[in-house]
Amino acid sequence: MRVGCPKEIKNHEYRVGLTPGAVREYVAHGHEVMVETKAGAGIGADDDAYRAAGARIVTTAKEIFEKADMVVKVKEPQPGEWAQLREGQILYAYLHLAPDPDQAAGLLKSGVTAVAYETVTDDRGGLPLLAPMSEVAGRLSIQAGATALQKANGGRGILLGGVPGVEPARVAILGGGVVGLHAAKMAAGLGADITILDRSIPRLRQLDDIFNGRVHTRYSTIDAIEEEVFAADLVIGAVLIPGAAAPRLVTREMLSAMKKGSVIVDVAIDQGGCFETSHATTHSEPTFEVDGVIHYCVANMPGAVPITSAQALNNATLHYGLQLADKGLKAIAEDRHLRAGLNVHRGRIANKAVAEALGYELVSPEAVLNVA
Ligand SMILES: NC(=O)C1=CN([C@@H]2O[C@H](COP(=O)(O)OP(=O)(O)OC[C@H]3O[C@@H](n4cnc5c(N)ncnc54)[C@H](O)[C@@H]3O)[C@@H](O)[C@H]2O)C=CC1
Ligand SMILES: CC(=O)C(=O)O
Ligand SMILES: [Mg+2]
């Protein structure tokens, strides 16, 4: 198969869909790989590194969209990219379609077969192609929150860990999945007072075991969310219902009862965000303020640390990427976890949560791929 990797064009997105190491694996499987010039610049991989791995360097993304049978990217295609996708082509990338009707319409119109990293599943009920970026974003969320809390940045002016004789800051984490766990690890390392809220009691048990009393856990009800959010200096939004728009757990009304200068880091913004007042921001202008509460809502947080993120992402995407390149649609038909990743196929939505969120008719992946 002819596999293509364009340079990412989202604001301050420095990751790359294929590292030179991944290219070498595709080439070893007999595939032809085209990489746009400078696609790896953000991770310090120059065109020669890609050539050494066996790629052909092309000067424009246009050539990749025209010629590739499969396009491997990091972020959801931007408007100029949707227009170049076409029927018979596979797109393998993050999509986050539920809160993004325009992109969904663009992908449907193109006829492309789009596999979304974030809805591919595994045997343990996890999301293995989302998890590494959730690890990164969870860890970054505390760095971003700590910075925004500084007075000169509009925050309350409180140090997460306090100092001997002075109380630490309070951190509330909504959702104790991968983002929540990694946020809690960082916040614990800095000495904050942490509470994690989740709807899954087994997950709260696991977190209690992991942290051995170092963090508080609470079942996520409206009451519990209000108490924790009102008392918090920093709130991390980390809930997910796979494929679906994020539940709005903190309303505009609740916001007015939060401490002035407190900070929200809504990591779940890529699925629409779990605060009513959130809207997506970029690394260029990451924060805005509503009712005295600083909001950080960057939808591609891992793009800020591409050396870590691109490697972690490629580690996770390589297996299914090779399956897709080796077998095409048959790979999706054969593997139920990859089928869970199929979001769009030849003008139809093939993911239930996405179809429900956007009001499209669902056609099951089994039906479109003629799987018995
Ligand atoms: N902004 C960014 O750059 C990035 C955003 N993300 C996003 O972060 C979000 C979280 O991802 P993961 O941690 O990997 O998901 P996950 O599936 O590991 O964890 C989500 C957790 O939310 C919990 N949850 C669901 N409804 C809840 C409720 N009402 N109250 C409390 N908890 C609830 C679930 O039980 C689960 O434990 C996703 O939207 C993901 O796409 C991930 C990476 C980067
Ligand atoms: C998961 C996601 O949206 C990201 O890594 O940018
Ligand atoms: Mg995102």
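Residues numbered from 1 in each chain as written. Chains lettered and ligands numbered in written order. Predicted model: local features only at pLDDT ≥ 70, side-chain atom pairs only at ≥ 80, totals over all residues. Heavy atoms only, no water.

By the naming in an unreviewed UniProt entry, the protein is Alanine dehydrogenase, taken from Mycoplana ramosa. What UniProt states about the protein under its Sequence similarities (unreviewed entry) heading is, verbatim, "Belongs to the AlaDH/PNT family." (UniProt positions renumbered as here; feature names shortened; annotations may be inferred.)

Within the protein, the secondary structure is distributed over 15 helices and 15 strands. A compact globule built from 372 residues would reach a C-alpha radius of gyration of about 21 Å, and the protein, at 21 Å, matches this within 12%. Taken over the C-alpha atoms alone, the protein extends approximately 65 × 45 × 35 Å along its principal axes. Expressed as a percentage of its 372 residues, the buried residues of the protein come to 56%. (Helix = DSSP H or I, 4+ residues; strand = E, 2+ residues; numbered from the N terminus. Rg over C-alpha atoms; globule rule 2.2 N^0.38 Å. Buried < 20%, exposed > 50% of the residue type's maximum accessible area, 1.4 Å probe, protein only.)

Turning to the sheet that holds strand β1 (residues 2-5), a few remarks are in order. The eight strands are arranged β3-β2-β1-β4-β5-β6-β14-β15 in an open sheet whose pairing can be described as mixed. Single-partner strands in this sheet number two, and they are β3 (56-58) and β15 (348-349). Of the strand pairs in this sheet, strand β2 (residues 32-36) and β3 are connected by three bridges, and their pairing is parallel. Within β3, the residue paired with M34 across the bridge is R56. (Pairing = 2+ DSSP bridges.)

Among the secondary structure elements, N351 is positioned in the loop between β15 and α14 (352-358). Classification of N351 as buried rests on a relative accessible area of 10%. A polar contact is formed between the side chain of N351 and the backbone nitrogen of V354, at a distance of 3.0 Å. Contacts of N351, omitting those with residues within four sequence positions, involve T119, A340, L342, N343 and L362. (Polar contact = N/O pair within 3.5 Å; in protein donor to acceptor, adjacent residues only side chain to side chain. Contact = heavy atoms within 4.5 Å.)

When two helices pack together, you describe them by how their axes are tilted relative to each other and by the distance separating the axes. Interhelical geometry of helix α7 (residues 178-189) versus helix α8 (residues 201-211) gives an angle of 25° and a closest axis separation of 12 Å. The pairing of α7 with α8 is recorded here as roughly parallel in orientation. Of the two possible hands of crossing, α7 and α8 adopt the one that is right-handed. From α7, V178, L181, A184 and K185 reach across to α8, where they touch R203, L207, I210 and F211. Across the contact of α7 with α8, the residue classes break down as six nonpolar, no polar and two charged. (Axes fitted to C-alpha atoms, helices over the stretch in contact; angles between N-to-C directions. Parallel < 35°, antiparallel > 145°, perpendicular 65-115°, else oblique. Left-handed = near helix turned anticlockwise from the far one by under 90°. Nonpolar A, V, L, I, M, F, W, Y, C, P; charged D, E, K, R; others polar.)

Pairs may arise between side chains of opposite charge once their charged atoms sit close together. Enumeration over the complete set of coordinates arrives at 25 salt bridges. Across the salt bridge formed by R339 and E366, the nearest N and O atoms sit 2.9 Å from each other. One end of the pair, R339, is in helix α13 (residues 336-339); the other, E366, is in helix α15 (residues 365-368), and 27 residues separate them in sequence. With relative accessibility at 12%, the residue R339 sits in the buried group. (Salt bridge = Lys/Arg side-chain N within 4 Å of Asp/Glu carboxyl O.)

Lining the immediate surroundings of ligand 1 are 28 residues, of which S134, D198, S220, D270 and M301 lie closest. At a separation of 2.8 Å, a nitrogen atom of ligand 1 approaches a polar side-chain atom of S220. Protein contacts shield 89% of the accessible area of ligand 1, which totals 870 Å² for the unbound molecule. Mapped by element, the contributors of at least two residues to the shell around ligand 1 are α6 (131-148), α7 and β8 (193-198). Per-element tally for the shell around ligand 1: the top contributor is α6, with three residues. (Near = heavy atom within 4 Å. Areas by Shrake-Rupley, 256 points an atom, 1.4 Å probe, with all protein chains shown as cover.)

Here the focus is the site of ligand 2. For ligand 2, the full set of nearby residues is R15, K75, Y94, H96, L130, M133, D270, A299, N300 and P302. Here an oxygen atom of ligand 2 sits 2.7 Å away from a polar atom, N or O, in the side chain of R15. In the environment of ligand 2, an oxygen atom lies 3.1 Å from a nitrogen or oxygen atom belonging to the side chain of D270. The fraction of the free accessible surface of ligand 2 (220 Å²) that becomes covered by protein chains is 95%. Classifying every residue of the shell around ligand 2 by side-chain character gives five nonpolar, two polar and three charged.

A word on the sheet that holds strand β10 (residues 234-237). Across the sheet, which stays open at both edges, the seven strands sit in the order β9-β8-β7-β10-β11-β13-β12 with mixed pairing between neighbours. Each edge of the sheet is formed by a strand with only one pairing partner; in this case those strands are β9 (216-219) and β12 (287-290). Averaged over neighbouring strand pairs, the angle between their axes works out to 20° when direction is ignored. As paired elements, strand β7 (residues 170-174) and β10 share four bridges and run parallel to each other. Its bridge partner being in β10, A172 is matched across the sheet by V235. Along the sheet face, α7 touches β7, β8 and β10 and points at about 170° away from the line of β8.

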